[in-house]
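Observations on the three-dimensional arrangement
Okay, here's what each chain looks like letter by letter:
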Amino acid sequence: MGLYMKFFSMHLKSQMQYKTSFYFTALGQFLASFTVFLGIYFMFSIFEEVEGFAFSEVLLSFAVMLMAFSLAEMFGRGFDLFPRMLGNGQFDRALVRPRSIIFQTLAMQMDFTRLGRAAQALIVLIYAIPASGVHWSPDRFFTLFLMIVCGSLIFFALFMIYAAFSFFTVEGLEFMNIFTDGGVQFGRYPFSIYGEGILRFLTFVIPLALVQYYPLLYLLGREDSLLYMFAPLMGTIFLLPAYGFFRFGLSQYKSTGS
Amino acid sequence: MKKYFAIFHIRFVNTLQYRAAALAGLSTQFAWGFMLIFSFAAFYRVNPNSFPMEFSHTVSFIWIQQAFLALFALWFWDDDIANSILDGGIAYDLVRPINLYGKWFSTSAAKRLARAVLRCIPILFVAFILPAPYRLILPPSLLQFALFILSTTLGLGVVVAFAMLVYTSLFYTVSPSGIRVMVMVLGDFLSGGIVPLPFFPAPVRNVVELLPFASMLNMPARIYSGSIAGMDALSGILLQCFWLAALVLIGTLISRRVLKRVIVQGG
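Attention in this report is confined to the structure presented alongside it.

What counts and what doesn't
Residues numbered from 1 in each chain as written. Chains lettered and ligands numbered in written order. Predicted model: local features only at pLDDT ≥ 70, side-chain atom pairs only at ≥ 80, totals over all residues. Heavy atoms only, no water. Helix = DSSP H or I, 4+ residues; strand = E, 2+ residues; numbered from the N terminus. Expected span 1.5 Å × (residues − 1). Buried < 20%, exposed > 50% of the residue type's maximum accessible area, 1.4 Å probe, protein only. Arc of directions from axis to C-beta. Contact = heavy atoms within 4.5 Å. Salt bridge = Lys/Arg side-chain N within 4 Å of Asp/Glu carboxyl O. Patch = residues over 30% accessible without salt bridge, like charges linked within 9 Å, V, L, I, M, F, W, Y side chains within 5 Å. Areas by Shrake-Rupley, 256 points an atom, 1.4 Å probe, with all protein chains shown as cover. Polar contact = N/O pair within 3.5 Å; in protein donor to acceptor, adjacent residues only side chain to side chain. Phe/Tyr/Trp six-rings, centres within 6.5 Å; stacked < 30°, edge-to-face > 60°. Lys NZ or Arg CZ within 6 Å of the ring centre and 35° of its normal.

Some details on helix α14 (residues 239–251) of chain A
Residues and elements named next belong to chain A. For α14, built from 13 residues, the straight-helix expectation of 18 Å at 1.5 Å per residue is met to within 8% by its first-to-last C-alpha distance of 18 Å. Where α14 is concerned, the buried positions are A242, F246, G249 and L250. Viewed end-on, α14 has its buried residues packed into an arc of 100°, placing them on one side of the element. Exposed residues lying more than 90 degrees from the buried face of α14 are L240 and S251. At its buried positions, α14 is contacted by α3 (55–80), α4 (82–87), α5 (90–95), α6 (101–108) and α8 (138–169).

Topic: the environment of F38 of chain B
Here F38 of chain B lies in helix α2 (residues 19–46). Of the residues examined, F38 of chain B reaches a relative accessible area of 18% and is grouped as buried. The spatial distance from the C-alpha of F38 of chain B to the C-alpha of V59 of chain B is 9.7 Å, given a sequence separation of 21 residues. Once residues lying within four places of it in the same chain are set aside, the contact partners of F38 of chain B are I193, Y194 and I198 of chain A together with Y134 of chain B.

Some words on the pattern of salt bridges
When the charged atoms of two side chains with opposite charge come close together, those side chains can pair. Residues and elements named next belong to chain A. A complete count under the given rule lists eight salt bridges over all chains for this structure. The salt bridge involving R114 is made with E73; its shortest N-O contact spans 3.0 Å. With R114 in the loop between α6 and α7 (115–131) and E73 in helix α3, the pair connects residues that are 41 residues apart, well separated along the chain. Here R114 matches E73 in class, with each residue buried. In this structure, R114 and D111 form a salt bridge, with 3.2 Å as the shortest nitrogen-oxygen distance. Overall, D111 belongs to the buried group, its relative accessible area being 11%. What emerges from the salt-bridge pattern is a single network uniting E73, D111, R114 and R117.

A few points about a nonpolar patch on the surface
Residues and elements named next belong to chain A. Together, F142, F145, V149, L153, L226, F230 and L233 make up a nonpolar patch on the protein surface, roughly 580 Å² of accessible area in all. Looking at the element boundaries, L233 is found in helix α13 (residues 231–235). Since its relative accessible area comes to 39%, L233 is described here as partly exposed.

Side note on the side chain of H57 of chain B
All names here are of chain B. Along the chain, H57 falls in helix α3 (residues 55–67). Look at H57 and you get buried, because its relative accessible area is 13%. Within the structure, H57 has its side chain in polar contact with the backbone oxygen of S225 (distance 3.2 Å). Beyond its immediate chain neighbours, meaning those up to four positions away, H57 contacts S225, G226 and S227.

Topic: the packing of aromatic side chains
Going through the model one piece at a time under the given rule, you end up with 48 aromatic pairs over all chains. With a centroid separation of 5.6 Å and an interplanar angle of 75°, the aromatic rings of F22 of chain A and Y23 of chain A are classed as edge-to-face. Owing to a relative accessible area of 48%, Y23 of chain A belongs among the partly exposed residues under this scheme. The interplanar angle of 75° and the centroid separation of 5.0 Å between the aromatic rings of F148 of chain B and Y224 of chain B together place this pair among those described as edge-to-face. Pair noted here: F148 of chain B is in helix α8 (residues 142–168) and Y224 of chain B is in helix α11 (residues 218–225), with a separation of 76 residues, a long-range link. Judged by relative accessible area, F148 of chain B falls into the buried class, the value being 4%. Accessibility expressed as a relative area gives 4% for Y224 of chain B, which makes it buried. The ring centre of Y218 of chain A lies 5.8 Å from the NZ or CZ of R140 of chain A, which sits over that ring.

See the structure below:
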């Protein structure tokens, strides 16, 4: 952990060297999610609700997903570089070092410009928390906390799967984007609006709905069962198959030789 | 002119080589298109009357957007051009007897077209045979289809000409990612990439429809679906011509000025 903190401050310092570039990129990130927010706003200036969710309630799910994603991206960016690491042989060097592969991957890259997105999420959250009409109580705040933390763990697991695929293909796979970028893009609305089939898929296969739709129902007081409150924790079980797949990929690894 | 077509041709064939990447991209775009359509369908179910476009138009818009993503997406970034500016490779280009702006314009356009050709056929094919409300329908008339083709060509021109302005900004700032991300993101939004322009509130929309971004994805996709037809389509195409001419003019002027002063460090 101490070593990770060292890497943390190293990356922070190195990115802070180019301050203008850093702020511009962070601003760009902010703007990117801001246009998505505007899209939601425009839709709700025409329609009052969607599938029984009002504007401020939708904003809750938007902000939670955005926050979870930006946290996962900030710390899990190393997985993004994984295909390149395999391709240029850097990975072979990592294998001989006495630290776990995942640790080294994470320590290799951290991207603090993602704070731009997190800031957007925070602002929307600050607006939506009072505006959503939720009767806030400690257990509901705890649920919100679980949604964000477990959400970023699931995104994290998805990044890990993305990296694991590159053991077999060497190239990165674009289709994983539909779950990562798509998860945050489409997670702006509660997943139930996409229909029964997709909701089921996002519950049992890629459990993104477990950190968004079900606990949201609990927050809004539409479901009282503790099952809904602790749904995000169940979602984190997803880390196990993701990690297993990564280990499997690792065991199949053959160096590209360069 | 011939040499620019030759450059176009080389790039085109070169990009066609990456078939596996195109296949992976395809499945993503399908899923993406479906999710978008489902989200609009959910709003449509709430109140069909206040839906500002016909639902079938929205569906067509989304499929055209997905099929021709490579043509119109502003965030496709031509690394070769950027790198030649950043690593000094531009020096080779400058000694060749061709106009740099023309060369870059044709390579970018070719790259986009080649990617789009690979991707659009399967997407369009499947989108045509989907069940009813989600199906891509044919344009209302042959004339409308002809206008769509014309508008697509112009739209591609406007996108490339606009991207060229961003590339030239590289001469001034070496670390461009911030400005690039901002411009691209905003442009995508204003061309209807997130929600089509008819969903914008009226006062905003009146302004946005005149911007160059409205001449990108917005115009061809809406002409195809029939959401813009007849005289409106013609005046839209005129607006596209205007922006294409204006952006190319500005781009040439800037690049000429910049190239006079460019210093390539040796090494």
